[in-house]
Amino acid sequence: MASIPDQDHSGFRPSMLLNDRRYRGLTYQFIALIVIIFLMAWLGMNLVSNLAAAGLNFSYSFLGDPAGYDINQALIEYDSQSSHLRAAIVGLLNTLLVAIMGCITATVIGVTAGVLRLSKNWLVARLMSLYVEAFRNVPVLIWILMIGTIVQLGPSPRVYLGEEPERGLIFGLFAFTNRGITSPAPIWEAGSVWVVVALVASIVAAWAYMRFRKKALFSSGTLYPAWPVLPILVVPAVAFYFILGQPIGLNMPDTLANRFNLSGGFEIQRPLIALWLALSVYTGAFIAENVRAGILAVSKGQTEAAASLGLRPRRIMNLVILPQALRVIIPPLISQYLNLTKNSSLAIAVGYADITATLGGITLNQTGRAIESILLLMLFYLVISLSISAAMNVYNASVALKER
Amino acid sequence: MTKKMLLGAAAATGLMAGAASAATLDDVKERGTLNCGVSTGLVGFSAPDASGTWEGFDVALCRAIAAAVLGDASAVEFVPLTGKTRFTALASGEIDVLSRNTTWTFSRDNDLKFEFAGVNYYDGQGFIVPRDLGVTSAKDLDGATVCVQTGTTTELNLADFFRKNNISYEPVPIETNGEAQQQYLAGACDAYTTDASGLAATRATFEDPSAHVILPEIISKEPLGPLVRHGDSEWGDIVRWTLNALIAAEELGVTSANVADMASSAGDSPEINRLLGTEGNLGEMIGLDANWAVNAIAAGGNYGELFAKNIGEETPIGLSRGLNAQWTDGGLMYSPPFR
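What counts, and at which threshold
- Residues numbered from 1 in each chain as written.
- Chains lettered and ligands numbered in written order.
- Predicted model: local features only at pLDDT ≥ 70, side-chain atom pairs only at ≥ 80, totals over all residues.
- Heavy atoms only, no water.
- UniProt positions renumbered as here; feature names shortened; annotations may be inferred.
- Pairing = 2+ DSSP bridges.
- Helix = DSSP H or I, 4+ residues; strand = E, 2+ residues; numbered from the N terminus.
- Axes fitted to C-alpha atoms, helices over the stretch in contact; angles between N-to-C directions.
- Expected span 1.5 Å × (residues − 1).
- Buried < 20%, exposed > 50% of the residue type's maximum accessible area, 1.4 Å probe, protein only.
- Arc of directions from axis to C-beta.
- Contact = heavy atoms within 4.5 Å.
- Disulfide = S-S within 2.5 Å.

If you look chain B up in an unreviewed UniProt entry, it shows as Transporter substrate-binding domain-containing protein from Palleronia sediminis. You can read under Sequence similarities (unreviewed entry) in the UniProt record for chain B the words "Belongs to the bacterial solute-binding protein 3 family."

This is the structure:
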């Protein structure tokens, strides 16, 4: 009698790693892993041995040495005797500054242009198409240089200087020159903190009022007016300012301090303006296309349904279309933010001291520590990009379709 | 730019195996051309002319080296480099010699592992300002905005000068001399600072050079010269002695016009004979042909001729010899003896 062998359910034999389709994949993955590890190790060994052969030691001790160079715009205290590490941090903060400013304006520009491109007004729609096509089809470096040249067209700061200047300050407060914009800076005196606290509290209160207003509209259909937001925002801070005896003074731009530039006040320098504008309009063009795609992705039936409920076109856009479109818009928006941040590394083209210019440029050159500086630079960008990604993914999760 | 830098950095560490091998002379001979790093365009020192041929004082040195090694002054591949990219390019072996008005400093020589082959121009850092500013001294520049090339010793000297004199300034970092010139003329900065020779060269290209003044202060010592990688002394010697041959030729009265004549047979002066290979075997000692120095001198002339032709008082750049005169004329140009 021919015996039918039992199906072997329990045993695992090593030969199955090659013969059995269930396990064969694991074998291949394991081999690939080993190969990759060896490759990385070989590259690493090569790096170490070649560095040793060239007589170069891998060390980050240079970060503690005095940098020796000056930086034109620093958000923290910095002079030429500060360390290379501090110079790198100054650069990092400058990168973050222009990235954050750029992301905000690019979003505003992009959403506006994206919505308007779908406008039924022929002229508006065509103008927005022109903007999108012109900006996203020319390399960003060209735009940075171009806008850098445009914002350089202002007068020399010297026209504002001296006892009898050619020009007075605009409103006695501002100066627009080919080197940037100068405005008065606040001087914080004792008690000024309470004014700030009042302002923050009124912002919270205004937000709470808007929330209450929205809730009331959705639950009961009562529409409270929007105008109380303004007094809520302004009145407490202004009241505190006068009650406490005007604790915030103004540091006016000084036209007499020297013969070259305005001093004092608050100066936004030309490189920052140029880079910020260029990155904003360039990335804005891409965001506009994302927004347009998101809006078109919402089925036309939604618009028609909302219209048949009697909603006006602006309400349809704000309450029905955009919330649904966000689900399509957010993921590509994340990569636009990442692009903007990484494109900010072109800053040196207009003389802006971002992290690529300080750590990856001047420090690298003055110390000759190319490998160390580039690795550190990569690490900084990686951390910035991953942080942006993480934050945006959290936001994405909050607007994503919740299936219950 | 960044990509090039990264490539340079990667190559510098030898991720590409064998990028920087020891025997540069063999590599150059095998390749048939000399890879020479020059600036991205500084008229008089290294800049392409209207037909795209590189010319200038630093370029002439590259040509002399190529002539000495390969017998052909045109067998040079010029690699334009910014202040930022020049050292990685040299360290990685992308170029054989860097002749790009580079200042000889302690840390570049020792920490960056390069070998300076000598000095072909003794320079110092200065400032240029528009004449109508009425500035007569660099110490009057308190509060001024100053354009400066990044990745240079200039940047560090500038910070030191203003700190030492306890006055303030705003630096505007710029990548190349050309951009700096454009920014300066557009009024983005009140003053531009770089080596005085570079200022003279830059001013020569202005529409109205007389509207700009170079301030009298020289705030640093900038000995400029060609450099090579550490670890290949034979190649370093070739570059060093080619430069010395040009300097010695001027001292001894050997010019591009009479060098062929003088080299045809041994003359009265033993040192000229040794230099030109009609006596002794200096060529063999350095690993080149006997007529290596003849070729180097014939390529463009001796040191004095190169100076006069490219940056001298007859040219638009109009530099006087000053420190760069022969030691016999009170300058610092002094070649060790050829024997």
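Caption draft 1: Just the sheet that holds strand β2 (residues 180-183) of chain A, in detail. Residues and elements named next belong to chain A. As summarised here, the arrangement of the three strands in space is β1-β2-β5, forming an open sheet in which the pairing is antiparallel. On the outer flanks of this sheet lie β1 (175-177) and β5 (266-269), each paired with one strand and no other. Averaged over all adjacent pairs, the angle separating strand axes in this sheet is 15°, with direction ignored. Sheet analysis places β1 next to β2, joined by three bridges and oriented antiparallel.

Caption draft 2: How the structure looks around the UniProt feature "domain: Solute-binding protein family 3/N-terminal" (unreviewed entry) in chain B. The sites that UniProt annotates as "domain: Solute-binding protein family 3/N-terminal" (unreviewed entry) are residues 33-262 of chain B. Between the end C-alpha atoms of residues 33-262 of chain B the distance is 28 Å, and the span holds 35% helix and 27% strand.

Caption draft 3: Region of interest: helix α4 (residues 122-136) of chain A. Residue and element names in this part refer to chain A. The end-to-end C-alpha separation of α4 is 21 Å, in line with the 21 Å expected for 15 residues at 1.5 Å each. Listed in full, the buried residues belonging to α4 are Ala125, Met128, Ser129, Tyr131, Val132 and Phe135. All buried residues of α4 project into a common sector of 160° when viewed along the axis, lining one side. Facing away from the buried side of α4, by more than 90 degrees, are the exposed residues Trp122, Leu123 and Leu130. On the buried face of α4, the contacting elements are α3 (84-117), α5 (140-150) and α8 (270-297).

Caption draft 4: Examining the state of the cysteines more closely. All names here are of chain B. The full count for this structure, using the stated rule, is two disulfides over all chains. The disulfide that involves cysteine 36 links it to cysteine 62, with 1.9 Å between the sulfurs. Its S-S torsion of about -50° marks the bond between cysteine 36 and cysteine 62 as left-handed, since a negative value means left-handed. A residue pair is termed long-range when its members are at least 10 positions apart, and cysteine 36 in strand β1 (residues 34-39) and cysteine 62 in helix α3 (residues 57-70) qualify at 26 residues. The exposure class of cysteine 36 is buried, given its relative accessible area of 0%. Two residues share a disulfide in this structure: cysteine 147 and cysteine 189, whose sulfurs sit 1.9 Å from each other.

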